Amino acid sequence: MCFGLFAFTCLLGFMSFSEICANRISQSTAFINLVRIIDIAVICFGMLTSIVGMDLGALWDLSDFANILIAYCNIPLLYIGFKYVKRAQEHFEKNDGTPFTSDVIGTTADVWDKKAGRKK
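Residues numbered from 1 in each chain as written. Predicted model: local features only at pLDDT ≥ 70, side-chain atom pairs only at ≥ 80, totals over all residues. Heavy atoms only, no water.

Peer 1: Hey, could you go over the side chain of His91 for me, with residue numbers and the actual values?
Peer 2: Along the chain, His91 turns up in helix α3 (residues 57-94). What makes His91 buried here is its relative accessible area of 11%. At a separation of 2.9 Å, a polar atom in the side chain of His91 contacts the side chain of Thr98. Beyond its immediate chain neighbours, meaning those up to four positions away, His91 contacts Thr98, Pro99, Phe100 and Val104. (Helix = DSSP H or I, 4+ residues; strand = E, 2+ residues; numbered from the N terminus. Buried < 20%, exposed > 50% of the residue type's maximum accessible area, 1.4 Å probe, protein only. Polar contact = N/O pair within 3.5 Å; in protein donor to acceptor, adjacent residues only side chain to side chain. Contact = heavy atoms within 4.5 Å.)

Peer 1: Break down the pattern of salt bridges for me, citing the residues and quoting the values.
Peer 2: Counted according to the given criterion, the structure contains two salt bridges. Notably, a salt bridge pairs Arg36 with Glu19, separated by 2.6 Å at the nearest N-O pair. Pair noted here: Arg36 is in helix α2 (residues 29-52) and Glu19 is in helix α1 (residues 2-25), with a separation of 17 residues, a long-range link. The class for Glu19 is partly exposed, based on a relative accessible area of 25%. Asp96 serves as the salt-bridge partner of Lys94, at 3.8 Å between the closest nitrogen and oxygen. The class for Lys94 is exposed, based on a relative accessible area of 53%. Since its relative accessible area comes to 43%, Asp96 is described here as partly exposed. (Salt bridge = Lys/Arg side-chain N within 4 Å of Asp/Glu carboxyl O.)

Here's what the structure looks like:
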């Protein structure tokens with residue numbers, strides 16, 4: 001039962017993540033629906049292969065390789081972005097009442113400036 005609950009929550013999480021990514025790529029309803037159809041097709045494929053007992057070792061190896069490539073891309077980006085996170089943390093810990101704007105971390109981000117009530 002626990003394994004089934006874990007699998008179900010993983011499916012919900014990955015479907016949500018793919019829809020969020022699709023919304024970031026395009027706001028087109030057709031594109032979002034295409035992503036949803038692909039999600040359902042992949043889930044059905046996975047369920048059917050599990051039911052019939054197919055061995056998908058090569059597919060798992062490909063998935064692991066893709067995850068390694070993503071990690072190799074993300075690790076340098078995390079290193080580059082750390083200075084911005086550190087500046088934001090220092091501003092938060094100061095707790096001096098100044099609004100958090102893009103100038104605090106030394107970049108341009110309209111969303112923080114708008115939330116602070118500043119217009120550029």
